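What the coordinates show
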Number of protein chains: 2
Amino acid sequence: MRRYVYDFASGNKDMKDLLGGKGANLAEMTNLGLPVPPGFTITTEACRAYITSGSEPPELRDQLVTHLKALEERMGRRLGQPDDPLLLSVRSGAKFSMPGMMDTILNIGLNDASVTALAARAGERFAWDCYRRLIQMFGTTVLGVDGRLFEAALDEAKRGKGVAGDLDLDAGDLWALTTTFKGLIAEHAGRPMPQDPFEQLTLAVGAVFDSWTGERARIYRRQEHIPDDLGTAVNVMAMVFGNVGMDSGTGVAFTRDPGTGQAGVYGDYLPDAQGEDVVAGIRDTVPLQELENLDPRAYRELLRIMRVLEQHYRDLCDIEFTIERGKLWMLQTRVGKRTAAAAFRIATQLVDEGLINADEALRRVSGAQLMQLMFPRFDRTTAEPIARGVSASPGAAVGRAVFDSRTAVERARAGEKVILVRRETNPDDLAGMIAAEGVLTSHGGKTSHAAVVARGMGRACVCGASALEVDTDRKRFTTADGTVVHEGDLISIDGSGGQVHLGAVPVVPSPVVRYFDGEAAEPGDELVAAVARTMKHADAVRRLGVRANADTAQDAERARRFGAEGIGLCRTEHMFLGDRRRLIEDLILAETPEGRREALDALLPLQRQDFIEILRAMDGLPVTIRLLDPPLHEFLPDLTDLAVQVALDKERGEPDEDRARLLQAVRRLHEENPMLGLRGVRLGLVIPDLFAMQVRAIGEAVAARRAQGGDPRAQIMVPLVADAAELRVIVARARRILAEVAPETGARARCPIGTMIELPRAALTAGRIAEEADFFSFGTNDLTQTTWGLSRDDAESSFFAAYLDKGVFPVSPFESVDRDGVGRLIELAALEGRTARPGLELGVCGEHGGDPDSVRWFHTAGLDYVSCSPFRVPVARLEAGRAAVIRDGGENS
Amino acid sequence: MRRYVYDFASGNKDMKDLLGGKGANLAEMTNLGLPVPPGFTITTEACRAYITSGSEPPELRDQLVTHLKALEERMGRRLGQPDDPLLLSVRSGAKFSMPGMMDTILNIGLNDASVTALAARAGERFAWDCYRRLIQMFGTTVLGVDGRLFEAALDEAKRGKGVAGDLDLDAGDLWALTTTFKGLIAEHAGRPMPQDPFEQLTLAVGAVFDSWTGERARIYRRQEHIPDDLGTAVNVMAMVFGNVGMDSGTGVAFTRDPGTGQAGVYGDYLPDAQGEDVVAGIRDTVPLQELENLDPRAYRELLRIMRVLEQHYRDLCDIEFTIERGKLWMLQTRVGKRTAAAAFRIATQLVDEGLINADEALRRVSGAQLMQLMFPRFDRTTAEPIARGVSASPGAAVGRAVFDSRTAVERARAGEKVILVRRETNPDDLAGMIAAEGVLTSHGGKTSHAAVVARGMGRACVCGASALEVDTDRKRFTTADGTVVHEGDLISIDGSGGQVHLGAVPVVPSPVVRYFDGEAAEPGDELVAAVARTMKHADAVRRLGVRANADTAQDAERARRFGAEGIGLCRTEHMFLGDRRRLIEDLILAETPEGRREALDALLPLQRQDFIEILRAMDGLPVTIRLLDPPLHEFLPDLTDLAVQVALDKERGEPDEDRARLLQAVRRLHEENPMLGLRGVRLGLVIPDLFAMQVRAIGEAVAARRAQGGDPRAQIMVPLVADAAELRVIVARARRILAEVAPETGARARCPIGTMIELPRAALTAGRIAEEADFFSFGTNDLTQTTWGLSRDDAESSFFAAYLDKGVFPVSPFESVDRDGVGRLIELAALEGRTARPGLELGVCGEHGGDPDSVRWFHTAGLDYVSCSPFRVPVARLEAGRAAVIRDGGENS
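What you are looking at is a predicted structure, and each value in this text was computed from that prediction instead of being measured. (Residues numbered from 1 in each chain as written. Chains lettered and ligands numbered in written order. Predicted model: local features only at pLDDT ≥ 70, side-chain atom pairs only at ≥ 80, totals over all residues. Heavy atoms only, no water.)

In terms of regular secondary structure, chain A is built from 36 helices and 31 strands. Referenced to the eigenvectors of the C-alpha coordinate spread, the extents of chain A come out at roughly 105 × 65 × 60 Å. Across the 893 residues of chain A, 56% fall into the buried class. Pairs at least 24 apart in sequence give 67% of the contacts found in chain A among residues at least 6 apart. Entry remark: accessible area of chain A is about 35,700 Å², with carbon and sulfur atoms responsible for 48%. Treating the 107 positive side-chain charges of chain A as one cloud and the 130 negative ones as another, the clouds have centres 4 Å apart. (Helix = DSSP H or I, 4+ residues; strand = E, 2+ residues; numbered from the N terminus. Buried < 20%, exposed > 50% of the residue type's maximum accessible area, 1.4 Å probe, protein only. Contact = heavy atoms within 4.5 Å. Areas by Shrake-Rupley, 256 points an atom, 1.4 Å probe, with all protein chains shown as cover. Lys, Arg positive; Asp, Glu negative; His and termini not counted. Charge placed at Lys NZ, Arg CZ, Asp CG, Glu CD.)

Here's what the structure looks like:
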């Protein structure tokens, strides 16, 4: 027979799949001998069977009866026992913590009869309050009655009596309320409040199961990639009461500060209260330390238990507990969530305390956290925030408040920076969200539309800043203290911390970035010290190299300070901007081979000097220089603008010959889909002199650096190859030119020549391409665009946000590498490339090279290095280290 | 020891790999007991060894000596024997016939001594003429002396004597010429004409080997996909002489007419001549039939041998022979080349004669040949051509003669049809070739630049019309009879037949097309009868289905007449053109959901009627309707034109509000790369009402056809899917709408819903997509564009021609499916799609569905059907049949 129910004493913390997170940890604490109220867990398997068949599996009822009987014997009281009823709590508990699911029902077992017995034993007011709570929770979460009806009745009772707080209602008021509440249930649920305690229990369990398939839970799972078929467990536990006098209470505690990572005791305590009162925020909690005065014995016991848990879990734990008449009970524990800063500090503290080793510490931080620590932050010396909300998408953003999408787009087009402010966002706001620097809402949490879309698009976002009253009609919002912010007013939001500020708050670089940039850390800055130690270990263990994408000596220098081991992508087109645009225009407009050659001759010394400087900055390290990639018309004016201008010239009788000729050239070079047109290696084959000039410049730069005593390590990279034949021609020509340069300059210019793999066909024919290439560099941006058949720019401004919003994408394939499509091509090309040419160097130079998830995947795929923007180099180093210590690509638990 | 030399008697016709085509067939004839002069073949293996090591393999010399000795014994004469020398011919012979390689050297064995012996035995003039020919051929082809030097000396000798023909030179003149020729060799080759006959032989053999790696041979192989490492064989044969009197001669013969396929004897004969005289065209040949009068015995013998060969080879043979003093010698035979019409007629004749079966007949024709027969042709009743050339790329083209690329482009832009006329083309002419209807050159053959590029781009081309004198400076050409054709004059070229006509020759549909279209063939039209029989057999044996791409009832009807078994692609966007463009404009410009719905409501009945008519035309057969694919802005005016217009409106003080608003919409919808933008399923997800309207129209059309008693078989196809999630949403919505339509219309509208696989990612995730799709249709156009990362339109007007020209592509991947890239994705998707959903229907609806090579490959890849333009349906049927009878995807021999 399948076992659907586990006593707390028969599970352990590693049984999360079966018992859920909460159940597994309750079992673990029970077995550690900690004071957990007796109880049992109904397994996720029971839930799955329930969902599949639509009803409880037949064995479940028998097992439930058996375990209930055992619990009753142990407690010496029976469920529904008229003189001394056993009361139970029922709590959901999936493998992953999941908002949107039914959470808790307390006081199961009370009914019209047993409530009087409880009143006799524990006090009238307490008993009727317990019963009122049960009916209210049961009515809303199990029977589906609108919770606002109960709230209204409660408010009405208080108003009738002229009091403000629940505590001001006496036993008689509460008795009357239970009658009202029962009436509400009968009216709106179409059935009376069940009086059979066992029926209460089974209905509550069924309701937990049902909540797994509720819409909010489904949406949450889709967004968080939690499989739909896990199911939830249900924890049934004997009630303990924190609300039976001042020798009782309830609290939450952390074994270290989850905000900063500081060691010590952190938490909140609320005397004479139940857990839900803390959550509801009806009364103010006191710092946990005050418990030492209120109940020194319970306090010492709590500290002891916290030490036991931390030693046992070897991590920050968060705890829920209740004290009933001086007796401490543990209701829940789990490894606690923490901020990015706390993650780094706690991990290194635990190493120092001998609880974990350096590998484990590395597993416990993430590149995403490091990225958060590297975002510029608001200067701390500035005024207090006007509101706080959920830190939904990181980054500090400053801009003018706007209250609708259209205004956001218009102002952004006019060059203004804007923050889109809404009560909540919906798909109609997408254009505005794209146009804005950041998004601020007064409603919704981390999984709201605003949060999900903003994260997907990399916009800063603060959600659910509930103190703000947003009035979109009048285009303004009001803060808690009555300050009114109008459209156009400057505001600042910190998507990492959740703060909202009035005015433009100055932004300063993070201390972590200052450290990477070579500044000495401030003495005692434990965060920087923790990051530094973690990075050192990551560098020691990682196999994956980290290079940077950099086009100037300045960028190269910074990348090197940030730990880059070379340049994986130096884009030569960036050297044709500014003053030099005229030279490339000459090249394009040249009508004869001589004219073209003249233009190229003028470009040669400039390119050479660019390369000399970059090679100097990266002396001794590889510098991969990509030959010209974009289509030539990118260097010319916009067709439509120019056509309008020429038409106007003519209309005004002031024809401009040069402009008209330029228009002709632009029209000639115009392409319907330039991304798929004459660029990269195609340009190199059609205008051989162009690549020839660049190769010559590289060869001469290498020679010059050698002459200066340097150690230049240039590599030449050919973009947009689709077929080995293209590369073969270019390589042969490049080798000839490099051979020519050698005697001319008195130095040998030997550089590897490789190719980008950025088209599906290149990946599919990688074996043959490898025969011509010294190295591969996966251009994951273009590879994603062609594999998906979408242009990033066009897609992001049209359907992308809608896709993220509808869950078609969980995450944009430009943010994190798409394993199933692009990833499959990379694996195939890596395998077939290396088979054809053992030892072929494989790198990545698309933006994914700096994305934490993608970096780990690149490690698993066996690549040699990633290349990313200089700023992302530390993130890539960290994730490369983590990848090396995370087995099977799994995450830390 | 490796065997490098085979006596003719020890080979056979199946040893082409080792002995080359000529050698294998000489061996076959020898073994058939036919009169072949004794000789032997040096293998391709010897050639490969020679190329690899740079010198003859050591064993070769010994084997050559051995075989030579055997030959000498058999002939009773020795090489270089002073009184009666054995003379040899040396001929190259690769597996595939290859222009560009050294062909023949005759009279090896003659030297200053033996020539006098020959003179004594065979006549003074004959002997010195033989020696003169040897020195001339040896000097040019073996020693590399410029052939024009010998020609000039020969001309000089004739001029000095005041005669016109070679035959007017007497023995003394020829003796003098040999002295001059030897002087030319000594001067220009830096060595004397070798006098040692064996050295002559080995040098000639080495020269044949060397010619394999010559540039022209390489280029030819690259264009014809012949591997570089095959090597050539060398045939050494005892000389026989057709030039020893009027009882001797030489000729070529065909066992049937290679032009029409008519049975009978076809060929040319030249008395008292050697083969090279026929080729050189110095004297006029006589029809082969005249040999019956000249030498009845030899003629009867020749006819007997031709019958033997045809029975033996079971195919049209072509033959080279020589008669020496009444004795017939066979110098070569091979299966003869033939025109498309001859191929069909001969194949069916041979079936009727019992020589081959119907499968074999099918293998012997090709879709490319059928296509040639289907091209419109010039009306036969028109005047004679002004010139003939090589039929380099099929099709009839009419246009105005232009003589340079720039003029071609300008006139084509102005809407004129032009024919580009050049002496020969080079890469600078590419733009003009693209702009022209056809290309005509006076120089070059089937592998010239013009021919290769025109075939690659599908332009009609006649090459090497050498009777034309092209004067590009004066922009005119002159015909043989002095007619001058100027720029702008109308000319017509027939790329299938090689004719050039003055004026616009009327073009008529081919009789084969008229037959497919249902017209009765003219009585006695054997070609049409042969095609009809072949098609019938192809249909009987083929496994691959053939459907058509058709968007109107008219196209559908024609496709059905042409044999289509359904519509594989019905493009709904074509239904939004013409008058209806306004409705789709309304849809796009609608600013409210209501406005959009109104526009869609207006479109619904029109779409429904379209579908009703197409379903009627294809009653009982599947009709796959693709939901809207192109981006919406394709239905709006061009951005640049509109911007200019609006700017001018404003400048003139006549602002047009509507036009300005239209411009705004065009700007809003503008995409940098529309092919990769908001289109297909993306549009369906962003504007759900659009697809909803189309699905409803399909459902209602099916219901209407059922009500009319029809058998409508609509299938709904979703374009541009990259991920299963996209399809899932659309399919769910479509099913809901179809379910709604069912009760509304009183009929059940059940149609399969499938997807196009036209993005690499769709192919890479086909397993998951198959879970949502009832069928796959590979859109090979878009799949090629995204796999290669190139836009067909942009590529063809910029770098494509250069790629074809440089041999980067052997053929455009849009002409014939790219096996290595696109094909690999198709195979993968077919496998994984069928694994996920056994029985999944797989089709192809890109243009490759009508390409002969591709159709055969789709058969091999296991697809269920191809869909192509109605006109290509017969070609696809034929190739599908051929695919079924060609084992292992191999070609007929």
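Next up on the list: the domain arrangement of chain A. According to the domain assignment, chain A contains domain 1 (5-238), domain 2 (249-335) and domain 3 (375-508). Inter-centroid distance (C-alpha atoms) of domain 1 of chain A to domain 3 of chain A is 39 Å. (Domains from an automatic or database assignment.)

Let us now look at the interface of chain A and chain B. On the side of chain B, 52 residues touch chain A, which itself brings 52 residues to the contact. Counting the surface lost from both chain A and chain B, the interface buries some 4,800 Å², and carbon and sulfur atoms represent 58% of this. By the criterion of area lost to chain B, the three top residues of chain A are L676, R761 and R824 of chain A, representing 13% of everything that side buries. Counting across the chain A and chain B interface gives 8 salt bridges. Here R824 of chain B makes a salt bridge to E832 of chain A, at a shortest N to O gap of 2.5 Å. Elements with a minimum of two residues in the side of chain A that touches chain B: α24 (639-651), α26 (681-686), α28 (724-745), α29 (760-764), α31 (780-788), α33 (800-806) and α34 (819-836) of chain A. Here the side of chain A that touches chain B gets 7 residues from one element, more than from any other, and that element is α24 of chain A. Here the side of chain A that touches chain B is composed, by residue class, of 25 nonpolar, 10 polar and 17 charged. (Buried area = accessible area lost by both parts, 1.4 Å probe. Salt bridge = Lys/Arg side-chain N within 4 Å of Asp/Glu carboxyl O. Nonpolar A, V, L, I, M, F, W, Y, C, P; charged D, E, K, R; others polar.)

Next up on the list: the UniProt feature "domain: Pyruvate phosphate dikinase AMP/ATP-binding" (unreviewed entry) in chain A. This chain's UniProt record puts "domain: Pyruvate phosphate dikinase AMP/ATP-binding" (unreviewed entry) on residues 50-283 and 292-344 of chain A. Its end C-alpha atoms 30 Å apart, residues 292-344 of chain A is made of 49% helix and 32% strand. (UniProt positions renumbered as here; feature names shortened; annotations may be inferred.)

Sheets are built from strands that pair by backbone hydrogen bonding, the pairs being arranged parallel or antiparallel. All names here are of chain A. Taken together, the 8 strands give a closed barrel; going around it, the order is β24-β25-β26-β27-β28-β29-β30-β31, and neighbouring strands pair in parallel fashion. Strand after strand, the sheet turns through a mean of 30 degrees between neighbouring axes, direction not considered. Sheet topology places strand β28 (residues 753-757) next to strand β29 (residues 775-778); 3 bridges connect them, and they run parallel. Within β29, the residue paired with M756 across the bridge is S777. Strands in contact with helix α23 (residues 593-617) are β25 (567-571), β26 (622-626) and β27 (713-718); relative to β26, the strand with the most contacts, it is inclined by about 150 degrees. (Pairing = 2+ DSSP bridges. Axes fitted to C-alpha atoms, helices over the stretch in contact; angles between N-to-C directions.)

The subject of this paragraph is the nonpolar core. Counting 293 residues, the largest nonpolar core has L370 and F776 of chain A together with L370 and F776 of chain B as its most contacted members. When neighbours within four sequence positions are excluded, F776 of chain B is seen to be in contact with T755, I757, A766, I769, A770, A829, G833, L840, E841, L842 and G843 of chain B. (Core = buried A, V, L, I, M, F, W, Y, C linked by side-chain atoms within 4.5 Å.)

Superposition of the two copies of the chain requires a rotation about an axis together with a shift along that axis. After a rotation of 179 degrees and a shift along the axis of 0.1 Å, chain A superposes on chain B with an RMSD of 0.2 Å. Look at the turn and shift together and you get a two-fold axis relating the two. A shared interface surface links the copies, since 100% of the contact residues of chain A are contact residues in chain B too. (Least-squares fit on C-alpha atoms with pLDDT ≥ 70 in both.)

What follows is about the environment of V702 of chain B. All names here are of chain B. Looking at the secondary structure, you find V702 in helix α27 (residues 688-707). Residue classification places V702 among the buried positions, given a relative accessible area of 1%. Sequence separation between V702 and R616 is 86 residues, and the spatial gap between their C-alpha atoms is 9.8 Å.

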